[in-house]
Amino acid sequence: MKVIAHDRYGSADELEWREAPDPTPGPGQVVLDVHAASVNPLDVHMMTGTPMLVRLGAGLRRPKLTVRGADVAGVVTAVADDVTDLAVGDRVFGMARGSFAERAVASAGALAPMPDAMSFGEAAALPVAAVTALQGLRDHARVPAGGSVLIIGAAGGVGTFAVQLAVAMGLEVTGVCSARNVEMVRELGAARVIDYTSEAVVDGTRYDAIVDNIGSQSIGDMKRSLVDGGAFVIVSGKKGRFIRPVDRVVGATLRFALGSKRAESFTAKETRDELQELLGYVERGELRPVIDRRYALADAAEAVRYVMTGHARGKVLIDVVA
Ligand SMILES: NC(=O)c1ccc[n+]([C@@H]2O[C@H](COP(=O)([O-])OP(=O)(O)OC[C@H]3O[C@@H](n4cnc5c(N)ncnc54)[C@H](OP(=O)(O)O)[C@@H]3O)[C@@H](O)[C@H]2O)c1
């Protein structure tokens, strides 16, 4: 099968379109024919090996898993003996190890069956970004219906899902993005949109929660922009070569130690339950992926380069089966 793989940490120039042996399922796993994948900043971290902390899990000197890609949608072609809840022929989506490939192996528990009406591209756009948005709002912001949320980075993969989910949860959304995306974020349901290129993000308004996908504002300003009892949800901080954004999480923890306001950071966990909860929003017409660009598998390095600009608009897809 063909894959997009690399043997060394580095830029997207390291990614090669090459042959690899077909995967076989280990205990609890299935193999799927990949129809579509999507790109996340996670793939960039795994490709560059930065921040250096990721190498503790991904391989100290070189990547242990050489095929990149995580988000996936496709058709099951083989199941391990102990997998009883998925079968050959099922259309599924979720997380796989190395989804920038014609076939990939995945834990059965990280996949969910897809509704018939959903395309592989739409399904592949969801896992990492939409689960992150869901967990950020539901588990960390924890704002009851009628409350307010500021979403910084509202036009990206996580942000476009977060705006829609927050609206579906009954929250009043203020989104932050650049001028060219203001109309799109408004169409997704934001009551107010701040263009960070011409307006101040921090303007004295106080919110019940802030979901921060970017890390562009000072921690002090974030704390001042919350009501008493409000939550600062750190999805991301400014990126660095070594430990960033961990320093921002530590800084926020210290800064929020006193008083009623909370700072919380988290790593999203993509499970079948979470994927199925997202499908509920999709089926009610409350959530849809915004697809920016689509690339063929052979051009996956270009797709990753585009995401590395930091200005993708919603999701970037890789179509493995045209
Ligand atoms: N904690 C977790 O488990 C978890 C999970 C997933 C992702 N993440 C992290 O969350 C971050 C967002 O992920 P993503 O998939 O949404 O990334 P993405 O799709 O690459 O985000 C791109 C978006 O960022 C916006 N942006 C860039 N600079 C901005 C600024 N100064 N202010 C406001 N918006 C700005 C851009 O909007 P404009 O073009 O309008 O500027 C663009 O639409 C990444 O750092 C990722 O590593 C964390």
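This text goes with the structure placed above it.
Bear in mind the structure is a predicted one, so any value in this text is a computation, not a measurement.

### A few points about the pairing of strand β3 (residues 29-39)
And step 1. Where burial is concerned, most of β3 is hidden: ten out of the eleven residues are buried.
And step 2. Of the pairings in the sheet, the one linking β3 to strand β6 (residues 103-107) comprises five bridges and is antiparallel in character. Bridging from a neighbouring strand, V30 pairs with A106 of β6.
And step 3. Here β3 pairs with strand β4 (residues 71-79) via eight bridges, running antiparallel. If you follow V34 over to β4, its bridge partner there is G74.

### Digging into the site of the ligand
And step 1. As a matter of local geometry, the ligand sits amid 30 residues, with P41, G156, G157, S178 and S236 nearest to it.
And step 2. Listed by contribution, the elements that provide at least two residues to the shell around the ligand are α4 (127-141), α5 (157-168) and β9 (172-177).
And step 3. Looking at side-chain class alone, the shell around the ligand contains 15 nonpolar, 14 polar and one charged residues.
And step 4. Counting only domains with at least three residues in the shell around the ligand, you end up with domain 1 (2-126 + 289-319) and domain 2 (129-265).

### A few points about the pairing of β4
And step 1. Examined bridge by bridge, β4 and strand β5 (residues 91-95) share five bridges and lie antiparallel to one another. Each bridged residue has a counterpart across the sheet, and for A73 the counterpart in β5 is F93.

The rules behind the values
- Residues numbered from 1 in each chain as written.
- Predicted model: local features only at pLDDT ≥ 70, side-chain atom pairs only at ≥ 80, totals over all residues.
- Buried ≥ 20, exposed ≤ 12 C-beta atoms within 10 Å, placed from the backbone.
- Helix = DSSP H or I, 4+ residues; strand = E, 2+ residues; numbered from the N terminus.
- Pairing = 2+ DSSP bridges.
- Near = placed C-beta within 6 Å.
- Nonpolar A, V, L, I, M, F, W, Y, C, P; charged D, E, K, R; others polar.
- Domains from an automatic or database assignment.

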